[in-house]
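Single-letter residue listing:
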Amino acid sequence: METLSLLGSGFAGALETYNVLMLLLGVAVGILGGAMPGLSASTTVALLLPLTYGMPPDTSIILLAATYVGAEYGGSISAIFINTPGTPGAIVTTFDGYPLTKRGYPIKALCFSLVPGTIAGLLANVALITISIPLVEFALKFGPAEYFALGVFGLATISSLTEGSVTKAMLAAAIGLLLATIGTDTTIGFPRFTFEYPELLDGIPLVPALIGMLALSEAFMMVEELGTRALLPQRFSHEYPTWPEWKSVMPASLRGSVIGLVIGAIPGAGSTIASIISYSVEKRASRHPEKFGTGTPEGIAGPEAANNAVVGGTLIPMLTLGIPGSATAAIMISALMLHGLQPGPELFSKNPEVVYNLFASQFLANLAMLALGLIGMTWWIKIVEVPKAVLAPCIIAICFVGSYAVGGNIWDIGVVVVFGIGGYSMRKLDIPVAPTVLALVLGFMVEANFRRMLLISGGDWLGPLMRPITAVLLALALISFVVPFWRTYRRRQAIL
Amino acid sequence: MKVNSHRVVTAAVGVVLALAAAYLLWVTFDFPPGRRREPGPALWPRIVLTLIIVMAGVIAAGALRDKQDRSLIEPGAAAAPFSLMGLMLAYFVVFTPLGYYPATVVFFFAALWTLRVRSWKVLAGVSLGFPLVVHLVFERLLNARFPRGVLEMLVGS
């Protein structure tokens, strides 16, 4: 009863005119920042942080949380339209979102991202209010061995789910893991594979590598198809999803919401892993797994729901324990601390108005995201209707601007160029780029936890891997690897 | 050797990757050991490099055994991506010395012309409009700063 009363006053606070304006501003800026390759959710939230210095604490956290919500959706816009995930969590959205656009249905692809994302955001918020304590207890069971297994599971899953040769996908993932080892070793400070280039001491910059490999390579692929029709606009349907299509994505949205919420509650796991696991679950649950990768609605809805539910999940350890579950949550914690508030159990007892304003604003932010997303669709579609001869140079220029603007470093553009050419070469050789990108994102987490695990166990490999959660995750990873090989073997036997 | 053969290039890339990974594996033997019971900085890269050698070897062998072949790039489709790649490299080289704005205008004009855009409205609109939008959004709104290059020399900072 007390919770309902606090939630009521939270809504009253969040619906004050100034707070509503900041919420709308946050969602709008978040969508734009998330859609811009190079500006991830955390960078967009960080850019807005100075604006909050003069605001009341509840308003500042409403603005930042609304930006976070908007950015996670925004990341899918560029993923769907130009095969470039605006945020790492949207990498998986490129698998089916972009193919659906190429088939001529960009509005449908956006709807399968926006609506499940909104549902997931709302459900995650309900969970945040009602079951945050048991979720935190589960999340706290994750030690280095569990994180290592989670990373391996994510990589194994994505390598086995990618279309084409599993061997090539595994090679691609291994290349990503190797690239993630470049730079100063964090345990003893030894520079690995830097070959005396000081720029490599900090490792491969993630965002330029990611946008180079996915977006630049796409620009080169795009112009291959150009003939003499350079300025011919592409024809796209403006159709919205039909009722049967909506019905088909609802189970995926619900499964994605649960996955995103649980993974989000695990500090450091993040939206990338949540969306990978969701994609894997959807492909396995589907009656037509062979259609995944060609623009199947469930392949967009599940990962996007997971991606957006992560926001609510991340807030659980942040608010209940003061543990930032992601870089964005860390920025939000710093915003609270700037106002003299300490996230953690005391925040609920000392400043419940801030907490419940945030809960209420999360509901409203998701609804605002839905409204702004629907309004914006007619505008976003103009991007894909631009002729390819114009779009391809624009993608290159956006990649350069996006990677340079964050660090002001020409080295980052060099990374975009190298990874762009590398990504194009891989595509021509039928080596999938997604496992490389994901391994680059997850590589540090996998290695750091692998070493921590061995350090804690005194060099014993077997003991930590036999812990229940670890063993289950590794067994699932093994199954993910073995099943495609088994299927290929059976197919060959059938042909013979 | 057929340069445009998918099978031949795949096998060659597999061999090169395996050799490169073997070299990097050799490099890891110069890495220091870990402190006390810590596994050290070499263990994980060695595991990954071994995986790369095995996978690259399997792919190279598979490509050599493969009876079917196709073109890596369709003959008629090669010009556009490689021209765009060349222009992108030139854009990267002049990005700092020439300055962001002049370099971007020249890049767009050259890239669009190469991709057979002949409408002067489109050429001028995109070449000038894109840097203008970037200036308003990134420099004015987000306080990012791009290299001025020759502009700085001409008109000061």
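For the structure, see preceding data.
Reading the values: rules and limits
Residues numbered from 1 in each chain as written. Chains lettered and ligands numbered in written order. Predicted model: local features only at pLDDT ≥ 70, side-chain atom pairs only at ≥ 80, totals over all residues. Heavy atoms only, no water. Helix = DSSP H or I, 4+ residues; strand = E, 2+ residues; numbered from the N terminus. Buried < 20%, exposed > 50% of the residue type's maximum accessible area, 1.4 Å probe, protein only. Contact = heavy atoms within 4.5 Å. Areas by Shrake-Rupley, 256 points an atom, 1.4 Å probe, with all protein chains shown as cover. Lys, Arg positive; Asp, Glu negative; His and termini not counted. Charge placed at Lys NZ, Arg CZ, Asp CG, Glu CD. Salt bridge = Lys/Arg side-chain N within 4 Å of Asp/Glu carboxyl O. Buried area = accessible area lost by both parts, 1.4 Å probe. Phe/Tyr/Trp six-rings, centres within 6.5 Å; stacked < 30°, edge-to-face > 60°. Lys NZ or Arg CZ within 6 Å of the ring centre and 35° of its normal.

**Q** Sorry if this is basic, but what is going on with the overall build of chain A here?
**A** Within chain A, the secondary structure is distributed over 21 helices and two strands. When the backbone C-alpha atoms are referred to their principal axes, chain A occupies close to 70 × 60 × 50 Å. Counting every position in chain A, which comprises 496 residues, the buried fraction comes to 62%. The contacts in chain A between residues at least 6 apart in sequence include a share of 79% that link residues at least 24 apart. A total accessible area of about 18100 Å² is found for chain A, and carbon and sulfur atoms account for 67% of it. Positive and negative side-chain charges in chain A, numbering 26 and 28 respectively, have mean positions lying 12 Å apart.

**Q** Can you walk me through the environment of Tyr101 of chain B in this structure?
**A** Residues and elements named next belong to chain B. Within the secondary structure, Tyr101 sits in helix H4 (residues 100–114). C-alpha of Tyr101 to C-alpha of Arg46: the two residues are 55 residues apart in sequence and 45 Å apart in space. With sequence-adjacent residues up to four places away left out, Tyr101 is seen in contact with Pro131, His135, Glu139, Phe146, Arg148 and Leu151.

**Q** Would you take a moment to explain the side chain of Glu304 of chain A for this structure?
**A** All names here are of chain A. Along the chain, Glu304 falls in helix H13 (residues 297–321). Summary of buried charges: Glu304 has no salt-bridge partner, and the nearest side chain of opposite charge, Arg255, is 16 Å away. Setting aside chain neighbours within four positions, we find Glu304 in contact with Glu72, Ser76, Ala90, Thr93, Phe112, Ser113 and Gly117.

**Q** Can you walk me through the interface of chain B and chain A in this structure?
**A** Frequently, the measure chosen for interface size is the accessible area that the parts lose on association. Listed per partner, the contact involves 64 residues of chain B and 59 residues of chain A. A buried area of about 5400 Å², summed over both sides, lies between chain B and chain A, and 85% of it is on carbon and sulfur atoms. Looking only at chain B, the three residues that lose the most surface to chain A are Trp44, Met88 and Phe92 of chain B, adding up to 13% of its buried area. The tally of links from chain B across to chain A stands at one salt bridge. Taking the shortest distance from any N to any O, the salt bridge between Asp430 of chain A and Arg70 of chain B comes out at 2.3 Å.

**Q** How do you make sense of the packing of aromatic side chains when you look at a structure like this?
**A** How two aromatic rings sit relative to each other is set out by the distance from centre to centre and by the angle between their planes. Residue and element names in this part refer to chain B. Evaluation of the coordinates by the stated rule reveals 30 aromatic pairs over all chains. Summarising the aromatic geometry, the rings of Phe108 and Phe130 are spaced 5.0 Å apart at their centres and angled 50 degrees between planes, so their arrangement reads as tilted. Note that Phe108 is positioned in helix H4 and Phe130 in helix H5 (residues 120–141), a separation of 22 residues in sequence. No difference in accessibility class separates Phe108 from Phe130, as the two residues are buried. Sitting over the ring of Phe29, Arg46 keeps its end group 4.3 Å from the ring centre. Lying across the ring of Trp113, Arg118 places its NZ or CZ 4.0 Å from the centre.

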